[in-house]
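Residues per chain, in single letters:
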Amino acid sequence: MKIQYFQDTDTLYIELRACDVGETRDFDENTLIDVDEHGEICALTIEHASARAD
């Protein structure tokens, strides 16, 4: 697992496992989910992360 925070865009990227991304899906307007070719979650992208965390 890798976690990266990009302060300039207030974006949190959580890579659960290294894989080839088959598709990126919108979970909600500020959350994207990367899935592989089998529909298994690879990573999450959370925009406006500081406003969504304690």
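Structural data are supplied above this passage.
Residues numbered from 1 in each chain as written. Predicted model: local features only at pLDDT ≥ 70, side-chain atom pairs only at ≥ 80, totals over all residues. Heavy atoms only, no water.

Looking now at the sheet that holds strand 1 (residues 2-6). A sheet is described by the order of its strands in space; here 5 strands give the open sequence 1-2-5-4-3, paired in antiparallel fashion. Looking along the sheet, the strands with just one partner apiece sit at the ends: strand 1 and strand 3 (23-28). Direction aside, the axes of adjacent strands within the sheet are offset by 15° on average. As paired elements, strand 4 (residues 31-35) and strand 5 (residues 41-47) share 5 bridges and run antiparallel to each other. (Pairing = 2+ DSSP bridges. Helix = DSSP H or I, 4+ residues; strand = E, 2+ residues; numbered from the N terminus. Axes fitted to C-alpha atoms, helices over the stretch in contact; angles between N-to-C directions.)

Before going further, it helps to examine the state of the cysteines. Applying the stated criterion across every chain, the model contains 1 disulfide. Between cysteine 19 and cysteine 42 runs a disulfide, and the two sulfur atoms are separated by 2.0 Å. Of note, the bridge from cysteine 19 to cysteine 42 carries an S-S torsion of about 135° and is right-handed in sense. Of the two residues, cysteine 19 is situated in the loop between strand 2 (11-15) and strand 3 and cysteine 42 in strand 5; the sequence distance between them amounts to 23 residues. (Disulfide = S-S within 2.5 Å.)

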